[in-house]
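# Remarks on the overall topology
These are the residues of each chain, in order.
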Amino acid sequence: MGAAASRRRALRSEAMSSVAAKVRAARAFGEYLSQSHPENRNGADEVPIRTWFPKENLFSFQTATTTMQANFRKHLRMVGSRRVKAQTFAERRERSFSRSWSDPTPMKADTSHDSRDSSDLQSSHCTLDEACEDLDWETEKGLEAVACDTEGFLPPKVMLISSKVPRAEYIPTIIRRDDPSIIPILYDHEHATFEDILDEIEKKLNVYHKGAKIWKMLIFCQGGPGHLYLLKNKVATFAKVEKEEDMIHFWKRLSRLMSKVNPQPNVVHIMGCYILGNPNGEKLFQNLRTLMTPYRVTFESPLELSAQGKQMIETYFDFRLYRLWKSRQHSKLLDFDDVL
């Protein structure tokens, strides 16, 4: 037993001495390398980089990453080229529209002051239009004043009578016979147009007195609270006089037939219906006044039984004959010709 133990101790010490010798040899070799190759001094002490990628999949992952990066760079180049192309096309189009059609010389568009120049141009254009309108207004006013500056001139009163009104054909026979300034115009409700009515008014005004304009006007037609039944399928309401082009044109052109020299606002009376029966009637009159601006025009639609209504009737009609006509308007028992 003692010999065996001593032998094991001898083998252990020999192994330890051989391991220590190997360690000393490795350390000496490392010092030799560090002295002969200084650039590897830091690398020798570094811990090798560990990764979770298996060595067999590392090459395929790197290849996929490189491919993704290449595709992304290609996408960026394509997007950038499209943006440049779109910008170039917009600049070409702007340059082409910024020069005259008859000028073949290319020119570079200067857009540094476009907004300011456009606003200045718009304001100057509006000022020029206003100046032209003021000049036209004063010119027409002077011509009307010269035309009306004659002895015995009476401002015209135009009566516009719709054939839709019952017994409308008799209305021209019951007007005031002591007032030659009343001009009755009976129009066909079914077939006439706004242009026909306006042309007839102009023609009758020139026949009465060349250059004369309307001071007072009576529109005798059917309708009701808030609306006027002017023509077939043409009902004037406060909304339609803002939207329908032919109706807007009618009222604007009618306003140009109104007097500019009348010191009082020109009056348009409405008979045959009571427009002001609800709030929409006042809205309609307000919109019509706005359409006929800058001409000063007022609209009136009084009840015939009121004092203002009686005054309106006496402005255009022989009051006695009008009451007689009114009493026979819807009667079929007696012919109105016999009464007249």
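Note: the structure precedes this text.
Residues numbered from 1 in each chain as written. Predicted model: local features only at pLDDT ≥ 70, side-chain atom pairs only at ≥ 80, totals over all residues. Heavy atoms only, no water.

### Details of a nonpolar patch on the surface
There is a patch of nonpolar side chains on the surface, built from Tyr274, Leu276 and Leu303 and spanning about 240 Å² of accessible area. For Leu276, the location among the structural elements is in the loop between β7 (266–271) and α8 (279–291). (Patch = residues over 30% accessible without salt bridge, like charges linked within 9 Å, V, L, I, M, F, W, Y side chains within 5 Å. Areas by Shrake-Rupley, 256 points an atom, 1.4 Å probe, with all protein chains shown as cover. Salt bridge = Lys/Arg side-chain N within 4 Å of Asp/Glu carboxyl O. Helix = DSSP H or I, 4+ residues; strand = E, 2+ residues; numbered from the N terminus.)

### Looking at helix α9 (residues 307–316)
In an α-helix, one turn spans 3.6 residues, which is why side chains three or four residues apart end up on the same side. Those residues of α9 that fall on the buried side of the exposure criterion are Gly309, Met312, Ile313, Thr315 and Tyr316. Buried residues in α9, looked at end-on, bunch into an arc of 155 degrees, giving them a common side. Away from its buried face by more than 90 degrees, α9 exposes Ala307 and Gln311. Looking at the buried residues of α9, the elements they touch are β1 (157–162), β2 (182–187), β3 (216–220), β7 and α10 (319–328). (Buried < 20%, exposed > 50% of the residue type's maximum accessible area, 1.4 Å probe, protein only. Arc of directions from axis to C-beta. Contact = heavy atoms within 4.5 Å.)

### Structural notes on the sheet that holds strand β6 (residues 234–236)
Read across the sheet, three strands follow the order β4-β5-β6 without closing on themselves; strand pairing throughout is antiparallel. Sheet topology places β4 (222–224) and β6 at the edges, where each strand pairs with a single neighbour. The mean inter-strand angle of the sheet, taken between neighbouring strand axes irrespective of direction, is 25 degrees. (Pairing = 2+ DSSP bridges. Axes fitted to C-alpha atoms, helices over the stretch in contact; angles between N-to-C directions.)

### Describing the state of the cysteines
Inspection of the entire model under this criterion finds zero disulfides. Among the cysteines around Cys273, which has no disulfide bond, Cys221 carries the closest sulfur, lying 5.0 Å off. (Disulfide = S-S within 2.5 Å.)

### What about the pairing of strand β8 (residues 297–300)?
Burial of the side chains of β8 is restricted to one face: Val297 and Phe299 are buried, whereas none of Thr298 and Glu300 on the reverse face is. Relative to β8, β7 runs parallel, the two being bridged by four bridges. If you follow His269 over to β8, its bridge partner there is Glu300. For the crossover from β7 across α8 to β8, the handedness is right-handed. (Right-handed = clockwise from strand over helix to strand, strands pointing away.)

### Some thoughts on the packing of helix α5 (residues 194–208) against helix α7 (residues 245–255)
Orientation of α5 relative to α7, taken along the N-to-C sense of each, is 10 degrees, at an axis distance of 10 Å. Regarding the angle of α5 to α7, the classification is roughly parallel. In this structure, α5 uses Phe194, Glu195, Ile197, Leu198, Asp199, Ile201 and Glu202 to contact α7, whose residues at the interface are Asp246, Met247, His249, Phe250, Arg253 and Leu254. Grouping the amino acids of the contact of α5 with α7 by side-chain chemistry returns seven nonpolar, one polar and five charged. (Parallel < 35°, antiparallel > 145°, perpendicular 65-115°, else oblique. Nonpolar A, V, L, I, M, F, W, Y, C, P; charged D, E, K, R; others polar.)

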